[in-house]
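One-letter residues, chain by chain:
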Amino acid sequence: MEKYYTADAIIIKGISYGEGHRIFTFYGKEEGKFSAVARGVKKPKSKLNGHLQLGNRCDLQLIHGKSLDTVSQAVAKETYPHLRESASLYFYASYFLELLNDFVAERVVDPALFQLLDTVLKGLAEKEPAKLTRFFELKLLALSGYQPDFHRCAVCGEEIKAGFLNPRFHGIICEKCGNGYEITPKTLFALNYLADTETRLVRRLKTDDATDQLMGKVTKMLIEHSLEKKVKSLAILNRDQL
Ligand SMILES: [Zn+2]
């Protein structure tokens, strides 16, 4: 095995480690999720510190280690500057990073997921962060193999235009199969639109507040179903604001 390797990766998590070190979790274009330590990064003279910030996309040089790899060089090539200018956008970005971290296993390579993360972080510059969040959640579910079919009842498979959200099922159910939180036709239409569209077209979807809130309820339940645990951010952030 070569001692050194390089990666094009986005920083999805960072934790303090020992005296002045940090362990970062990266999502790499060709590596998937992996962790590496940046030694001395918290010391004032560190050249890495300015580059190794949460959410940055970096060109990395790493050294293989027995238990943990080491970051030897890092150059941020995309800092998504709009995220540093708005606390609210930074929250959205943090949620994206944490959700991705929770969904993916180590070293599972998925260039489509890397591309998705890069485009949604860029997309936060263009307003409509709540819709972009629903979009990211639905795409992440789909790429992870958990995409529900919003055209059909999750129990009997009948075609639906409206239905109910019920925590027992991963998806929307029809009135014959049970009840729960009522999901309007407008909401199902909007969810279908976001599930099938691409990042740049997210803003074209026009919705009212009620629909936005219902979409948030649906994706939250689907995510919780999929992770079988509450994502920490869901509790921290006021989801009505997301
Ligand atoms: Zn049904």
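Counting starts from 1 at the beginning of each chain's written sequence and moves along it residue by residue. Totals for whole chains, interfaces and linings use every residue, but because this is a predicted model, local features are given only for residues with pLDDT of at least 70 and side-chain atom pairs only at 80 or more, for both listing and counting. Processing note: side-chain calculations cover all non-hydrogen atoms of the structure and skip hydrogens and water entirely.

J.: Go over the coordination of the zinc ion, please, and point to the residues and values.
T.: Looking at the zinc ion, the protein donor atoms are C153 (SG), C156 (SG), C174 (SG) and C177 (SG), and they sit 2.3 Å from it. As a rule, N, O and S atoms within 2.8 Å of a metal are its donors, except that Na, K and Ca use 3.2 Å; water is not among the atoms, so sites may look incomplete. In short, tetrahedral needs four donors with all angles between 85 and 135 degrees, square planar needs four and octahedral six donors with opposite donors over 155 degrees apart and all other angles between 65 and 115, and whatever is left is irregular. For the zinc ion, the four donor atoms in the first shell make angles of 106 to 114 degrees at the metal, so the coordination geometry reads as tetrahedral. The motif formed by the donor residues of the zinc ion, counted along the single chain, is C-x2-C-x17-C-x2-C. You can see C153 sitting in the loop between helix 4 (129-143) and strand 6 (163-165) and its partner C174 sitting in the loop between strand 7 (172-173) and strand 8 (181-183), a full 21 residues away along the chain. For the pair shown, C153 and C174 are each scored as buried. The numbering of helices and of strands both runs from the N terminus, where a helix is a DSSP run of H or I of at least 4 residues and a strand a run of E of at least 2. Remark: exposure states derive from per-residue accessible area (1.4 Å probe, protein chains only) relative to the maximum for the residue type, with buried under 20%, exposed over 50%, and partly exposed in between.

J.: Hey, could you go over the pairing of strand 1 (residues 4-17) for me, with residue numbers and the actual values?
T.: The pairing of strand 1 with strand 4 (residues 57-63) spans seven bridges and is classified as antiparallel. For A9, the partnering residue across the bridge sits in strand 4 and is C58. Bridging between strand 1 and strand 2 (residues 21-28) involves eight bridges; their strand directions are antiparallel. Each bridged residue has a counterpart across the sheet, and for I10 the counterpart in strand 2 is Y27. From the end of strand 1 to the start of strand 2, which pair antiparallel, there are three residues, and G18 there has a positive phi angle of about 60 degrees. DSSP calls a pair of strands paired once it identifies at least 2 bridges connecting them.

J.: An account of the packing of helix 2 (residues 87-103) against helix 3 (residues 111-123) is requested, with residue identities and associated values reported.
T.: The axes used here are C-alpha line fits, helices contributing only the stretch in contact, and every angle between their N-to-C directions lies in the interval 0 to 180 degrees. Closest axis-to-axis distance for the helix 2/helix 3 pair is 10 Å, and the angle between their directions is 170 degrees. Between helix 2 and helix 3, the angle is such that the two are roughly antiparallel. Along the contact surface, helix 2 presents A93, F96, L97 and L100, while helix 3 presents L113, L117, V120 and L121. Residues are grouped as follows: Ala, Val, Leu, Ile, Met, Phe, Trp, Tyr, Cys and Pro are nonpolar; Asp, Glu, Lys and Arg are charged; every other residue, Gly included, is polar. Considered class by class, the residues forming the contact of helix 2 with helix 3 number eight nonpolar, no polar and no charged. Roughly parallel refers to an angle under 35 degrees, roughly antiparallel to one over 145, roughly perpendicular to one between 65 and 115, and oblique to any angle outside these ranges. Here, residues are in contact when the closest pair of their heavy atoms is within 4.5 Å.

J.: Can you lay out the domain arrangement of the chain for me, pointing to particular residues and giving the numbers?
T.: All the domain ranges listed were derived from an automatic or database domain assignment. We note that the domain assignment places domain 1 (4-78) and domain 2 (127-241) within the chain. Distance from the C-alpha centre of domain 1 to the C-alpha centre of domain 2: 34 Å.

J.: Go over the pairing of strand 3 (residues 32-38), please, and point to the residues and values.
T.: Counting buried positions along strand 3 gives seven out of seven residues, so the element sits mostly inside the fold. Note: strand 2 against strand 3, seven bridges, orientation antiparallel. Looking at strand 3, one finds that F24 is bridged to A36. Hairpin remark: strand 2 followed by strand 3, antiparallel, with three residues in the connecting loop. Two strands pair when backbone bridges link them, and strand 3 and strand 5 (residues 69-78) are joined in this way by two bridges, in the parallel orientation. When the sheet's bridge partners are listed, A36 is paired in strand 5 with D69.

J.: Residues and numbers for the sheet that holds strand 5, please.
T.: One closed barrel accounts for five strands, arranged 1-2-3-5-4; its pairing is mixed. Each adjacent strand pair in this sheet contributes to an overall mean axis angle of 50 degrees, direction not counted. As paired strands, strand 4 and strand 5 are joined by seven bridges and run antiparallel to one another. In the sheet register, L60 faces strand 5, and the bridge partner there is A74. Against the sheet, helix 2 contacts strand 1, strand 2 and strand 3, and its axis sits at roughly 105 degrees relative to strand 1. Most of the contacts of helix 3 go to strand 1, to which it runs at about 60 degrees, and overall it touches strand 1, strand 2, strand 4 and strand 5.

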